[in-house]
Structures are given as C-alpha cells and as structure tokens.
Amino acid sequence: MTTFQSLGLSAPLLKAAEKLGFESPTEVQNKVIPLLLNDKTDLVALAQTGTGKTAAFGFPMLQQIDFGTKKTQGLILSPTRELCLQITNEMEHYGSEIRQINVVAIYGGANITEQAKKIKRGAHIVVATPGRLKDMIRRKLVDISAINFCVLDEADEMLNMGFYEDIKSILTHTPDKKSSWLFSATMPPEVNTIAKKFMTAPIEITIGTKNAGTKNVDHQFFVVGGRERYAALRAVVGMNPDIFGCVFCRTKIETQKVAEKLIQDGHKAAAIHGDLSQNQRDAVMQSFRKKKIQLLIATDVAARGIDVDDITHVINYQLPDEIETYTHRSGRTGRAGKLGTSIIFVTKSDRRKIKLIENKLQTKLTELEMPSPEQIFKNKIQHWVEQVKNTPLKGDLQPYLDSAFKGLEELDKETLIELILSKEFRNFDLNPKSLSLSEGKNNEKRSDRKINAPKDKDRFFINLGARDQYEWTTLKDFIRSYLKLGMDDVFQVEVMKNFSFFSTHKKHRDLVLKSFENLNLDSRRISVELTKKGKTFSPNKKKKKSGFKKKF
Ligand code: AMP
C-alpha cells in the first residue's frame, strides 16, 4: 500500500492529511501527486468528483507555493459557487499546517467589494467561478498575471454552463509559463478543444473507465408508464426506508410537484431549482447535508455543485437528454468509497436509451421488477423490526418497567406484537386501493383537474412580480397563506417582471377577488383580476391600465 509519505508530500501536508483521517492516497492521488510534484507538466485528468481529486491537485499546488510572498500563485476555476466554496474549504484543510496561507473564494451573487478586500490582503490561491473572476479582472480587482498553477476543475460542467468564452478570456490574463491542470468527469469534444488550445503536451490520466460512472454505483432501471413515475418513486422509497437520495427532474415545476407529493406522503423532502434565491438554496442544501431532508428533488442546473458524500440513491425521475448529464447525476452517489445506487424511471418508448447508457458506461444496467404493495409493506415491517432490535436500551426506564410488565402480563407474545404493530402502523391504510402502485384513474382525474383541466380553473392576474422579489414558489406560498388555501389550491403560478398569473379552482373565485379587494402592501394597492384567455379581463380596461402605470 502506498502512503502519502511515499508520494513525496512535505511534513505540513502529511500532518494535515493525518488530521483529516486520510489513511492512504486514493487512485487519482496515487497517479497525480508524484507527477505534479516532480514534473512541470500540464495534465488532463478524467476523474469524477468523490475520487479525492481536490487533494490530488491541492497537495502538489500547496507544496510548490511560496508562502513568503503575498503574490497570487495559484488559480482554481470551478463551475459553481457551491463548488468554489467547497474547494476553498478543502484547500484550507489541506494547508492547515501552513501558517501564512491565504485561500480566497470569489464567486457571483455575493458582495464584490468584500471579495476584492480579501484579495487585496494577499491571496496565494484564488478559487473562482469564471463569470465573477472575469468581472474582477476587468475592474482590476485581482491580478493573475504571475500565477504558476492554473486548475480547471469540472471542466465539462463549466463548458456545459457556457463558460467557454469567459475561460478563454481569463486565460489570456495568465502567463504562458505555468502548469495547467484540467480535471473533468467526462471528455466531450469541447473539453478536448480546451486542452489542445490552452495546454502544452498535457499528460492524460484516466481514473476508472473513460467516461464511465463510478465503479461503486449500481445502475438500475424500472420500465414505467408515463403516469407511474411517482408510484415508482414511492415504491423505491418504500423499499429503502433509510434512503438518503437525490431525485432528478427535468423542470422546476416537476421538482416542486414531486416534493409536495412526497411531503404529503409523510417524507422529509424539498425541491431545489433555479427559481429559489441563493439564500433559499443554501438553506435547502444545509438541511440536506444535516439530513433533516431525506430526499432532495432537483433540476440538473440546481444540482450542480451538490457535494454530499453519503447519498445512497440517485433517482432519474426522467432521463436527461445528454448521457453526460446522466454520468454527472449518478456520480453524486457511490462516493468516498461507499456504494451507491442510480435508478432510472424509463418509459417503454425511451427504453432504447438504456442501451445507449450501457454502451457509454460499458456496464450492464439491471432491470427491476416493480415491487408489489405487499412486498413494500413487508419490507417496512422488517425495517421496523431491525430498528427495534437495534434500539439502545434506555437505562433510566428500569424502575418503571414493572408497571408495564404488570399491565401487559395477560397478553401472549403474538398478541402483544400484533398490538404494537397496530399502534405503530395505525395510520397506514392497507386496503388494496390505497396501496396500489399505479396512480389509478381516480388520482389521474384529480390531478388532471388540479393541474390541467381548464374548465374548472380560473386564471388571475396579480400586480406583484419578480421586481417585488417574488419567484413562483414564494408567490404561491404568499397567495396560498393569504387566502388560507391548501397546498394544491393555487397552481400554475407564473412570475413576470412586474406582474404574475396564478390559477385556482373556479369555486375559489369569489374568495380570491374579495380577499384581495382592499389589500395594500408597502402603501401600494394590490390588484387581482380575473384573466380571460391569457389577457387581463377588466370591465373598464383603460382606467385600470392607467392605474397600473401609476402604481409601477
Ligand atoms: P473530492 O473528489 O476531492 O471531491 O473528494 C471527495 C471526498 O473525499 C472529500 O470529502 C475528501 O475530503 C475525501 N478524501 C480525499 N482524499 C481522501 C483520502 N485519501 N482518504 C479519505 N478521504 C479522502
């Protein structure tokens, strides 16, 4: 077994690795660290997140930086704010035994002056998102003209996000003589282009199979009907009561709908999507990291940078268009040496995509049979039994056990167990209809009426919008709580810059119109009107229109 010492790391870095509990180098560290310590070379490394790649470039960079000067010598570019902060945090840990070290994160959506101040104090290493860095270079708030090391982390993600031009422009501000290290989970042609254009004879290193999902991930799929996705999700969650998972949907609306249904079914779930403010996203992520949320329902964009080590399952509620995106999704599980499962819900017509994934990953995907409701319930009981058996004894109960023994003494073991189970699962409806995995006609109708049936709904205009700091979830919550309506009673909320639209069931028409009649917010009258075929319906249009103008 190789050790960090045998890779040539200096004493402060060895001590930091020990403090972090790193016993031995990972594969990428074994391959990359000696190379980057001994050769001034450019490098292209194909490695997923979770393989230990941050330390693979972080340790060699830290070992070669001159901490006696305040000059910026290392630059790490990463696609998202979350990743940027994570890398900074990791680098600070790896350099915790270096006294003068200063690593500064710069990213969009935060105060630029604060970040500039930190840079001015002297940043040996700058970890940045491309957009914000470009901006700060333009304003001369950061100087990267003397760097010796440049890392492009998650290069495929950065290019996916459209940062090509920004990266190109940033690199023109760096010296020609530097070591460039590019890390990417996949190798689409665009990454190759970057490598060819901006690197000199890079050494290429592949961890695991090229373009493959991590070895620790078991890839599985269910063939489902178009309307059975949620039922399949319920089945997966039912069979895996300890699941700590990430469910990927294609749209923001879908993430919200799935999260709401899961919450209604008693699970700890939350949606994360681009319409949430950065603060809201941070709050959701924090709850997820602390496991207060068991299921995170995400769009691909919002999930970028999710870096949580213990995710047990990744669920592809719908398949993404690009197989590369599937690789990214499934790479969220099976990390840091743990095993993970990636499950795909695929319709019959999309089944051919499974073959494409198999070819790309060069691995066989396992088709799963949908478990029966009875199997799920049996599994729940088994899980409960395990939990009971593993419950630590509460010692201070001892003096009170006698009265419980006495109270239950006439019951035989079978009756006692049946009674305890009845109490435990008293809210669990075991009739075949409620257990049914298919969403069935009744449910279909209900959700159709709720979401799609135009005859039963009214559409309203409201003069609140994005400029009032609303996005669709917060506006939905505001309207719902103001009207004291239930979770699904306000739907199809669409937020524009100055105004928005929302729908409710026809039966709520009077409630909506009356409730908003005299509402003032910040001395502005809030106006809600019924719309007709997407247009604002108003008996006295001209008058109302000029009224709006005045208000805004
Ligand atoms: P990364 O691929 O850099 O995102 O690293 C994934 C996780 O593995 C991080 O939490 C690291 O702190 C951890 N890690 C990195 N190297 C090692 C190692 N040699 N042994 C154990 N854990 C490690």
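Above this note sits the structure.
Residue indices follow the written sequence of each chain, beginning from 1 at its first position. Only residues with pLDDT of 70 or above have their local features reported here, since the model is predicted, and side-chain atom pairs are shown and tallied only from 80 upward, although totals for entire chains, interfaces and linings are computed over all residues. Note that water and hydrogens are dropped before the side-chain values are worked out from all heavy atoms of the structure.

Enquirer: I keep staring at the sheet that holds strand β14 (residues 366–367) and nothing clicks. Help me out?
Expert: Neighbouring strands of a sheet are bound in pairs by backbone hydrogen bonds; such pairs are parallel or else antiparallel. At least two DSSP bridges between two strands are required for those strands to pair. We count a stretch as a helix when DSSP gives it H or I for four or more residues in a row; a strand needs E for two or more, and each element gets its number in order from the N terminus. Spatially, seven strands are ordered β10-β11-β9-β12-β13-β8-β14 in an open sheet, and the strand pairing comes out parallel. Lying at the two open borders of the sheet, with one neighbouring strand each, are β10 (269–272) and β14. Pairing of β10 with strand β11 (residues 295–298) involves four bridges; the strand directions are parallel. Among the inter-strand pairings, Ala271 is bridged to a residue of β11, identified as Ile297. Residue contacts are counted whenever heavy atoms from the two residues lie within 4.5 Å of one another. Convention adopted: a line fitted to C-alpha atoms gives each axis, helices being fitted over their contacting stretch, and angles between N-to-C directions are expressed from 0 to 180 degrees. Against the sheet, helix α10 (residues 229–239) contacts β8 (217–223), β9 (245–248), β11, β12 (313–316) and β13 (340–346), and its axis sits at roughly 155° relative to β13.

Enquirer: Help me understand the sheet that holds strand β1 (residues 43–46), please; the structure alone is not making it clear to me.
Expert: Overall, parallel pairing links the seven strands, which are arranged β3-β4-β2-β5-β6-β1-β7 in an open sheet. This sheet does not close on itself; its edge strands, each paired only once, are β3 (103–106) and β7 (203–206). On average, each strand axis in the sheet is inclined to that of its neighbour by 15°, with strand direction left out of account. Here β1 pairs with β7 via four bridges, running parallel. When the bridges of β7 are listed, Ala45 appears paired with Ile205. Across the sheet, helix α2 (residues 27–38) is in contact with β1, β6 (179–184) and β7; its angle to β7 comes to roughly 165°. The strands that helix α3 (residues 53–64) touches are β2 (74–77), β4 (125–128), β5 (149–152) and β6; relative to β6, the one it contacts most, it runs at about 165°.

Enquirer: Would you take a moment to explain α2 for this structure?
Expert: At 3.6 residues per turn, the α-helix brings residues three or four places apart onto the same side. Relative to the 16 Å expected for 12 residues at 1.5 Å per residue, α2 spans 18 Å between its end C-alpha atoms, a close match to the ideal helical length. When a residue's accessible area, from a 1.4 Å probe over protein chains only, is under 20% of the maximum for its type it is buried; when over 50% it is exposed; and in between it is partly exposed. Buried residues of α2: Val28, Gln29, Val32, Ile33, Leu35, Leu36 and Leu37, and no others. Close packing links the buried residues of α2 with β1, α3, β6 and β7. To estimate how far a helix should reach, multiply one less than its number of residues by 1.5 Å.

Enquirer: What's the story with the packing of helix α5 (residues 112–120) against helix α6 (residues 130–138) in this structure? I'm lost.
Expert: Helix-helix packing: each pair is described by the crossing angle between the helix axes and the interaxial distance. Their axes nearest at 12 Å, the elements α5 and α6 cross at an angle of 70°. With respect to their mutual orientation, α5 and α6 come out roughly perpendicular. Two secondary-structure elements touch here, α5 through Ile112, Gln115, Ala116 and Ile119 and α6 through Arg132, Asp135 and Met136. For this classification, the nonpolar set comprises Ala, Val, Leu, Ile, Met, Phe, Trp, Tyr, Cys and Pro, the charged set comprises Asp, Glu, Lys and Arg, and every other residue, Gly included, is treated as polar. Here the residues of the contact of α5 with α6 sort into four nonpolar, one polar and two charged. Angles below 35 degrees are treated as roughly parallel, those above 145 as roughly antiparallel, those between 65 and 115 as roughly perpendicular, and all remaining angles as oblique.

Enquirer: Quick question: what am I supposed to make of the site of the ligand here?
Expert: The criterion for a residue being near a molecule or strand is simple. One of its heavy atoms has to lie within 4 Å of it. The local shell around the ligand holds 15 residues, among which Ser24, Gln29, Gly50, Gly52 and Thr54 are the closest. Identification of polar contacts relies on pairs of N or O atoms within 3.5 Å, with a donor-acceptor requirement for protein atoms, meaning one able to donate a hydrogen and the other able to accept it, and with residues adjacent in sequence counted only if both atoms are side-chain atoms. One of the side-chain nitrogen or oxygen atoms of Gln29 is found 2.7 Å away from a nitrogen atom of the ligand. Here an oxygen atom of the ligand and a side-chain polar atom of Thr54 are 2.5 Å apart. Taking 500 Å² as the accessible area of the ligand by itself, protein coverage stands at 81%. Only α3 and α4 (81–94) provide two or more residues apiece to the shell around the ligand. Partitioning the shell around the ligand into residue classes produces four nonpolar, eight polar and three charged. Note on areas: Shrake-Rupley, 1.4 Å probe, and residue coverage restricted to the protein chains presented here.

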